[in-house]
Amino acid sequence: MLITLYSTEGCHLCEQAYSLLVQAGVEERVQVVDIAFDDALFSRYGVTIPVLAILNPDSDSNSPELGWPFDADELAQWLNNNGIN
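A few points on the structure. Note that the coordinates shown come from a computational prediction; the quantities given were computed from them, not determined experimentally.

What to know about helix H1 (residues 12-23)
Here is step 1 of the chain: In this model H1 runs 17 Å from its N-terminal to its C-terminal C-alpha over twelve residues, within 8% of the 16 Å that 1.5 Å per residue would give.
Here is step 2 of the chain: Looking at H1, one finds that the buried residues are Cys14, Ala17, Leu20 and Leu21. Down the axis, H1 shows its buried residues gathered within 115° of arc, on one side only. Of the exposed residues in H1, the ones pointing more than 90 degrees away from its buried face are His12, Glu15 and Gln23.
Here is step 3 of the chain: Turning to H1, the residues buried within the fold contact strand S1 (2-7), strand S2 (30-34), strand S3 (51-55) and helix H3 (72-81).
Here is step 4 of the chain: Downstream of H1 by a residue or two, Gly25 has a phi angle that is positive, lying close to 80°.

Quick look at the structure:
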């Protein structure tokens, strides 16, 4: 499974979220998506980034999301709940 970090350039909160992903040791599974280049993503996440989502290519269900603010403990719980350890 791949973790998507919805972000945009110059977003300090997004940088903090990415740092937490690095601390959790999952940065190799992270795909950063800049919402500025996609109208639909910008419309959905423009005022809520950073947002994390789990992309599971084997499932058609909605991907679980974690919106900011979150800390290392909340991130660890979310990752664990979604089968990423």
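More follows now that the structure is in view.
Quick notes on a nonpolar patch on the surface
Here is step 1 of the chain: Taken together, the side chains of Tyr18, Val22 and Val32 define a hydrophobic patch exposed on the protein surface, amounting to about 240 Å² of accessible area.
Here is step 2 of the chain: Mapped onto the elements of the fold, Val32 is located in strand S2.
Here is step 3 of the chain: The class of Val32 is partly exposed, set by a relative accessible area of 48%.

Let's talk about the sheet that holds S1
Here is step 1 of the chain: The four strands lie next to each other as S2-S1-S3-S4, forming an open sheet whose pairing is mixed. Two strands lie at the open edges of the sheet, namely S2 and strand S4 (65-67), each paired on one side alone. Mean inter-strand twist for the sheet, computed between neighbouring axes without regard to direction, equals 20°.
Here is step 2 of the chain: With three bridges connecting them, S3 and S4 associate as antiparallel partners.

Quick notes on the state of the cysteines
Here is step 1 of the chain: Evaluation of the coordinates by the stated rule reveals one disulfide.
Here is step 2 of the chain: Two residues share a disulfide in this structure: Cys11 and Cys14, whose sulfurs sit 2.4 Å from each other. With the S-S dihedral at roughly 75°, the linkage between Cys11 and Cys14 falls on the right-handed side. By the burial criterion, Cys11 is buried, and Cys14 matches it.

What counts as what
Residues numbered from 1 in each chain as written. Predicted model: local features only at pLDDT ≥ 70, side-chain atom pairs only at ≥ 80, totals over all residues. Heavy atoms only, no water. Helix = DSSP H or I, 4+ residues; strand = E, 2+ residues; numbered from the N terminus. Expected span 1.5 Å × (residues − 1). Buried < 20%, exposed > 50% of the residue type's maximum accessible area, 1.4 Å probe, protein only. Arc of directions from axis to C-beta. Contact = heavy atoms within 4.5 Å. Patch = residues over 30% accessible without salt bridge, like charges linked within 9 Å, V, L, I, M, F, W, Y side chains within 5 Å. Areas by Shrake-Rupley, 256 points an atom, 1.4 Å probe, with all protein chains shown as cover. Salt bridge = Lys/Arg side-chain N within 4 Å of Asp/Glu carboxyl O. Pairing = 2+ DSSP bridges. Axes fitted to C-alpha atoms, helices over the stretch in contact; angles between N-to-C directions. Disulfide = S-S within 2.5 Å.

The values reported here are purely geometric and, on their own, carry no functional implication.
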